[in-house]
Each structure stands twice: as C-alpha cells, then as structure tokens.
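# An overview of the molecular structure
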Amino acid sequence: MTVPDTFTNRLLGRVKLTGLLSLAAPVLAILMAGLITAVVLVVTGNPPIETLTLMIDYGSTPRSLTLIVNAATTYYLSAMAVALGFRMNLFNIGVDGQYRLAALIAAAVGGAVSLPGPLHILLIIVVAVAVGAAWAGIAGLLKARRGVSEVISTIMLNTIATGLGAWLLTQWAVPVAGSNNIGTKPIPESAHVPGISLIPGAPNKVFGLLLLAVLVGIGFHLLLNRTRFGFDLRATGRSESAAVASGVNVKKMIVWAMVISGGVAGLVGMPQLLGSSYSYSLDFPAGLGFTGIAIALLGRNNPVGVAFGALLWGFLDTSSNILNLHKVSPEIITIMQGVIVLCVVVAYELVHRYRISAEQRRVSRELSAPAQAQVEGAGV
Amino acid sequence: MRPIGATASTTLLAALVAAGCAIEDDPVEIPTHGPPTRVGLAYDIGGRGDRSFNDSAAFGLDRAEAELGVETTEMPAGNGETDGHRAERLRALAKEGHNPVIAVGFVYSGAVSRVAAEFPDVKFAIVDDPGARGPNISNLLFAENEGSFLVGAAGALKSRTNKLGFVGGVNVPQLHKFEAGYRAGIQHVKPAEVRSRYLSDPPDLSGFTDPAKGRAAAQGMYDSGVDVVFQATGGSGSGVFEAARDTGDWAIGVDSDQAKTADPEVRGSILTSMLKKVDVAVFDFIHGVVKGDFRSGPVVYDLKAGGVDYATTGGHLTDIVPQLNQLKRQIIDGRIKVPTH
C-alpha cells in the first residue's frame, strides 16, 4: 500500500520517516520549539533558563505529577478520538460536543439508577459511549449519504450539543447543596471509581480510569494494525479510489469511523465524572475536544506519540500556576503550546522535504550513472 | 461607592490610631510586623478585564494594594479546568505564603473547602458561595435581591407603558435572585407587567459574553411596548444598552455604576444601575485580615451593609430619590421583606 506523498498525508503521519530521519524530526521540533519559546521569554522580559527550571521543579513534585497524569488521561482520550478520524481522513472537530453531551446524559443516568458497583460503572460508561457514538454518527451519516463535509457538520453539532445539553441540564438539574451551582443528581458511591496511588509520596491519587485510557491506546493500535477493519480504514484514508477498487465499502467505513471516534469521545468525560466530580454541573470541564485536536497533531496520531503529547500538555497546564506566582504571565504557556504544535508540524514537513529532495537526487544520480557508463563504454 | 469608601478610610484611620501609630515621621504608613501581607486572588473564568464581576474584585484588590500596602498576586482561571486545577491554584497561593487567599466565584466552592482544611493557618474568602464552610473560610455574599428591588421600584416609577423587562445572562439560581427582587420592587410600586428572558441556559455560559444576544432580547422587549429593561448579563449588557439607545427607552445596569463605565454613547440611556460591590467586599475582607479581625462564615453584603445599592449617576432619578430612599430604609428596618426567588 503506497501512500500519495501529499502535505495532508505527511501532516497526519501517514507517510512514515525511516532510519535517522525518524529521529531527526522530533529532535528538530524540540530544538525549534525551545528556541522560539526562549525568544518569547526574553522578549517578555523573563529569563528562559530560570523560568524553565521553575516549571520543572514545580511540575516534578509528587502532587503535580498526579495532576499531570490526571489531565493527560483526559487529553489522551480526547486526542485518540480525534486521531481515529484523522487516520481515515475524517476531521472530527465535534469531539467537544460529543463528550459533553455523553458526560451529561451518562451522569444523569448514573444518578438515577442504583446498581451494584461494577455494573453501575459499566452502565454509565456504556451510556457515554453510546451517546458519543450516536452524536458523531449523525455527522458520519450526513457525509456518507449526502456528502456533507464532516468539518462543517461536526462544528454545527457542537453548537447543537451545547443547546441540547443546556436544555437537558435545566430539566434534570438539582441545585448543589448550599451553592449557586446546579448539576445532575450526584452519582451514588457504588459507581465511584477509586483512585490509584501511582506516584509515591503524593497525597492525591491518579484517576482509576487511567487504565481505560491505556486500554483505548492498545485497542487503537490493535484495531488499526491487526484487523481487517483497520486495514480498510487506513486504506480508505490513504486513497479512496484505491480502496473502492479493492472492494472496500467506503460509505460504510465513513459511518463506522465516525461512530467509533464518537464512542471514544464519549469516554473523555468519564475519568473526571467517575473519579472526582460525580455529577455534571456548571463547572464540568469544557473545551477538551479542541485540546484533543492539537494533541493528536502533536502526537502524530500514534498511540504512543499522543501519550507523550498529552503528558507534555498536562505538564504545561499544571506548571502555569507556578509561573503566575513568579510574575510570569501564564499566557506564556498558551504560546508555548501553540509553538510546540506548529514546530512539530513544520519540523516533520522540513524533514519530509529533505527526504523527498534526497530521494530525487539519488534517483537522478542512479539514472545518470549508467548513462555515463554507457557513453564511456561506447568511447572505448 | 462614596459613603463606603469614606467609611473604609475612617476605619482605617481608626485602626491606625488604635494601633498606637508608632511611626511619627510618616503617618501614612501602615504599621506592620515584619514583611507586608501577601494577598492571593484567584479569578473566575474571564479574569481581570471582563468589565463585570472579576473586574470588580480586581478593583477591590488594587485598592487594598494602594491603601493598605499589601502585596498581591492574581491568578486567572483557564478553560476546561477541573476542580483539581482550581484546588492546586489555591494551594500554590497558600504554599507560597499568601494569606489571605481570595477565590472569586462559586466554581471554587469545592476547591476552597478542601484547600482551607489543608492550610488551617491561612484565611480564605470565597465570593458568591455559601457552601464552602470552615473555621478559616469567609463567605462573601450579596443580597442582590434587595438592590434589584430598588432598581425595580425606580423603573416602575419611571415607566409610562407599565411594561417592564428583565434580561438575565444565564438561567442560573444566582440570577433568579436578581429577577425576584426586581419583580417585587416593581409590584410594590404599582401593578405592572414584567417580562423576563434569559440569554442562555447552563452549562452554556455564552449569555454572559454575547452583546448581540443581549441586544436582540432587549430589542424584542422594547418593540412590544416595554420601556424599562433591567439587564443582569455581565458582558452582554452593552447590547441591551445599544437597543435602549436606538429605541429611546430606559435600560438599567448591573454590578458597577454602568452610567460611568459603559460606552459613552449609551450612557444617556442608563436610568440607574444595581450596584453589587464585590470590590468593597474584597477590600473589607483584606482590611479585616490585616487588622487581625477575621470572621469565618457568611458575611452578607446587603443594603444595610452598603454591599448593594442603586446608582444616581446621570440625574435621571432626582425626582424619585426621596421615595427610593424611603423604600431603602424600610428594607433595612425589615419592614419590607424582599423575596430571593
């Protein structure tokens, strides 16, 4: 299966780098990002080395590490949902709406029923996956049946999810005791997922559903590389016409890819819901779907790469607190995150261009060499 | 604003005198023991510059910095945050030696309860949340219903069509309190029709930041014969004011004296504003801690305490100020009970 060497394919990591080049790209990205961030820090009047040391000191305390892992768990699920669509050339911009609606409905169902522990947890997660999948499935169907761009439809579905969620919340909400907050009825203790004391010396625990994120990563790898479905999915993503020629039902693949992507999106809110807040209320985190897009690009849609991306993102978010205390504007973090994603994109593209021109030089050398030999031979 | 400011500086002076004022060469300086007090403040989403709730808190903090000589650190909130992030923000402030630590907005409720228990020696304050309780937590609350009652009465006295409107930013319990007080104030003056609209439903908080929505809602009301609209919409308020300017009707501002802070073009349409003095609450709290006078539990900023009020900027109320002040006295004396929902 050869992949057309287009910018999109290179951007989404479908054209692979081999040998030294595969190492050169991330190293170049880190160097570029480091340099630009240092310049930004100097321009804003902050010493780059001290600022970075400050962030690392703070970010490596046990408590911070736990927070980083917890944030990364959520980011990872979000990015994997996006990555799954990317692998098939589908831009699921709607992860945000999918996970918010899924978390809200799952929280309401979880608060309404009473079941023995594991079953209760399972029910809530299944509801979340089903809601996320169904919501994304709408965009899949629109694309397969009517050719509606999934970028447009998922953005619109985000807005509709916001409105629908607002209406549902006002239907189901109960005031949070003694507060100005409102939320769904709290999920009973039977469905609380206990935390894991992963980081030694940390007073706080990482989300128990960290395991779920790990499973999703492994599942993603197996699905894409070890199943017929995954092969069809990658084939469709790389060349739709070639996939059709080899008997893949592309329309069905589009719907399924969106449904699975949405199902994973449904999981995004689960670690927080079942591990910490136990209710969907006004302060439930929003906007994670968009963070997921950036992290999927950063991790090049690869389960391991995305894990690093999610941890890096979590580290930057968590250490923004300490910058603030030392009078460094926390917006620097947002700039860093943007710079890192851009640098990864640019660095990989540069290395790819180098690879292409190197290949061309090699080919032209090979072509001219025998010709010269022939000319010389004729001369003898 | 002015009477409160005067009171605060008088108490400050009294505090100076009471403290013996050992410094003779520089009487302005606050007598302190050791390093200056460091105040940490964590904002709700929007942060400094939202022209509304957070800005009011920021103003109180600035005043404390200028008048009390405290050092301040502000931290903004990010999007997509969890309770863990918020708790960590407060913890970072407390750990770095900030005392007191102030959290702006009910979203910090869980975080304040948790972190306050971890730092029993640090004083905490949370604005707009009665839920977080502890021996070192002060809940700064406002009787928005009482202030809204007065602007409702003012609106009813000025309305010619006997139709008044209320536009709320987001349909949350917090704003129902504004609406309830407003309605009660209107009905106390005369039987009039009151229409109400909320710009968005939670968890969609866009109603606080979308002037176009505010404008459309207010326009609809004015077109149907309403001639006074009270907006409690945060950043969407400018749209309501524009609609009032275009139709020549009245609008009522919220939180700060918006006839002074709004776009100069629309100031003429602002009849009055319901003042919610978060700045006073923040300043008083810091002042209390500096003096060594901290009170845990709810501190209600009502009409009596001067935490809410109506504004007279623009002079549109000159003829009815005596009536409004009489109502104010009746509320303070407890002769009028203003409903909260």
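Residues numbered from 1 in each chain as written. Chains lettered and ligands numbered in written order. Predicted model: local features only at pLDDT ≥ 70, side-chain atom pairs only at ≥ 80, totals over all residues. Heavy atoms only, no water.

## Here we look at the overall build of chain B
Counting its secondary structure elements, chain B contains 11 helices and 12 strands. Across the 341 residues in chain B, those meeting the buried criterion constitute 55%. For chain B, the share of sequence-separated contacts (at least 6 apart) that also reach a separation of at least 24 residues comes to 66%. Accessible area of chain B: about 13500 Å², with a carbon and sulfur share of 53%. (Helix = DSSP H or I, 4+ residues; strand = E, 2+ residues; numbered from the N terminus. Buried < 20%, exposed > 50% of the residue type's maximum accessible area, 1.4 Å probe, protein only. Contact = heavy atoms within 4.5 Å. Areas by Shrake-Rupley, 256 points an atom, 1.4 Å probe, with all protein chains shown as cover.)

## Comments concerning the overall build of chain A
A tally of helices and strands in chain A yields 15 helices and 2 strands. Each of the three principal axes of chain A carries a C-alpha extent, and together these read 100 × 55 × 35 Å. Expressed as a percentage of the 380 residues in chain A, the buried residues total 52%. For chain A, long-range pairs separated by at least 24 residues make up 77% of all intrachain contacts whose partners lie at least 6 apart in sequence. When the accessible area of chain A is evaluated, it comes to approximately 17100 Å², of which 70% is carbon and sulfur surface. Computed over 24 positive and 15 negative side-chain charges, the separation of the two mean positions in chain A equals 9 Å. (Lys, Arg positive; Asp, Glu negative; His and termini not counted. Charge placed at Lys NZ, Arg CZ, Asp CG, Glu CD.)

## With respect to the interface of chain A and chain B
The interface of chain A with chain B comprises 28 residues on the first partner and 34 residues on the second. For the pairing of chain A and chain B, the buried interface totals around 2600 Å² over both sides, and the portion due to carbon and sulfur atoms is 60%. Area buried by chain A at its contact with chain B is led by Asn 180, Leu 282 and Leu 325 of chain A, which between them contribute 25% of it. Inspection of the chain A/chain B interface yields 2 salt bridges. At the boundary of chain A with chain B, the tally comes to 3 residue pairs in polar contact (both at pLDDT 80 or more). Looking at the side of chain A that touches chain B, the elements with two or more residues in it are α4 (62-87), α7 (150-172) and α14 (303-325) of chain A. Residue contributions to the side of chain A that touches chain B peak at 5 residues, all from α7 of chain A. Grouping the constituent residues of the side of chain A that touches chain B by class yields 14 nonpolar, 11 polar and 3 charged. (Buried area = accessible area lost by both parts, 1.4 Å probe. Salt bridge = Lys/Arg side-chain N within 4 Å of Asp/Glu carboxyl O. Polar contact = N/O pair within 3.5 Å; in protein donor to acceptor, adjacent residues only side chain to side chain. Nonpolar A, V, L, I, M, F, W, Y, C, P; charged D, E, K, R; others polar.)

## Brief notes about the pairing of strand β6 (residues 163-170) of chain B
All names here are of chain B. Of all 8 residues that make up β6, 7 are buried, and the element is covered over most of its length. Across 7 bridges, the pairing between β6 and strand β7 (residues 193-200) is parallel. Within the sheet, the bridge partner assigned to Phe 166 lies in β7 and is Ser 196. Note on the crossover from β6 through helix α6 (residues 173-189) to β7: the handedness is right-handed. (Pairing = 2+ DSSP bridges. Right-handed = clockwise from strand over helix to strand, strands pointing away.)

## Concerning the sheet that holds strand β12 (residues 308-310) of chain B
All names here are of chain B. The mixed open sheet is built from 6 strands, whose spatial order is β7-β6-β8-β9-β10-β12. Either end of the sheet is taken by a strand with one partner, and the two such strands are β7 and β12. Here the average twist between neighbouring strands, direction ignored, is 15°. Inspection of the sheet shows strand β10 (residues 270-276) paired to β12 by 3 bridges, in the antiparallel sense. Across the sheet, the residue bridging to Lys 276 is Val 308, located in β12. Against the sheet, α6 contacts β6, β7, β8 (228-232), β9 (250-255) and β10, and its axis sits at roughly 170° relative to β6. (Axes fitted to C-alpha atoms, helices over the stretch in contact; angles between N-to-C directions.)

## Here we look at the domain arrangement of chain A
All names here are of chain A. By domain assignment, chain A separates into domain 1 (1-46 + 331-365) and domain 2 (68-320). For domain 1 and domain 2, the distance between their C-alpha centroids amounts to 28 Å. Where domain 1 meets domain 2, there are 0 salt bridges. Elements that contribute at least two residues to the side of domain 1 that touches domain 2 include exactly α1 (7-11) and α15 (331-379). Ranked by residues supplied to the side of domain 1 that touches domain 2, first place goes to α15 with 7 residues. A class-by-class count of the residues in the side of domain 1 that touches domain 2 yields 11 nonpolar, 4 polar and 2 charged. (Domains from an automatic or database assignment.)

## A closer look at the nonpolar core
Judged by nonpolar contacts, the single largest core of 189 residues is most densely connected at Met 270 and Leu 274 of chain A together with Tyr 108, Phe 124, Tyr 182 and Ile 286 of chain B. The leading source of residues in this core is α4 of chain A, at 13 residues. Not counting residues up to four positions away in its chain, the partners in contact with Phe 124 of chain B are Ala 94, Val 101, Val 112, Val 115, Ala 116, Phe 119, Asn 136, Ile 137, Ser 138, Phe 285 and Phe 294 of chain B. (Core = buried A, V, L, I, M, F, W, Y, C linked by side-chain atoms within 4.5 Å.)

## Some words on the environment of Val 300 of chain B
All names here are of chain B. Mapped onto the fold, Val 300 is located in strand β11 (residues 297-301). Looking at Val 300, the relative accessible area reads 43%, which means it is partly exposed. In this structure, the C-alpha to C-alpha distance between Val 300 and Gly 60, residues 240 residues apart in sequence, is 17 Å. Each residue touching Val 300, except ones within four places of it in the same chain, is listed here: Leu 141, Ala 143 and Ala 305.

## A word on the domain arrangement of chain B
Residues and elements named next belong to chain B. Annotation of chain B at the domain level lists domain 1 (2-142 + 278-301) and domain 2 (144-276 + 311-333). Where domain 1 meets domain 2, there are 1 salt bridge. Considering only residue class, the side of domain 1 that touches domain 2 consists of 3 nonpolar, 2 polar and 2 charged.

## Concerning the packing of helix α6 (residues 117-146) of chain A against helix α11 (residues 250-267) of chain A
Residue and element names in this part refer to chain A. Interhelical geometry of α6 versus α11 gives an angle of 145° and a closest axis separation of 6 Å. Considering the relative orientation of α6 and α11, their crossing is right-handed. Every residue of α11 that contacts α6 at Ile 125, Ala 128, Val 129, Gly 132, Ala 133, Ala 136, Gly 137, Ala 139, Gly 140, Leu 141, Lys 143 and Ala 144 is listed here: Lys 251, Ile 254, Val 255, Met 258, Val 259, Gly 262, Gly 263, Gly 266 and Leu 267. Taken together, the residues of the contact of α6 with α11 sort by class into 13 nonpolar, 6 polar and 2 charged. (Left-handed = near helix turned anticlockwise from the far one by under 90°.)

## Points about helix α4 (residues 109-118) of chain B
Residue and element names in this part refer to chain B. Among all positions in α4, only Ser 109, Ala 111, Val 112, Val 115 and Ala 116 are buried. Buried residues along α4 cover an arc of 155° about the axis, so they all sit on one side. Elements that come into contact with the buried residues of α4 comprise α3 (83-95), β3 (101-104), β4 (124-127) and β5 (137-142). (Arc of directions from axis to C-beta.)

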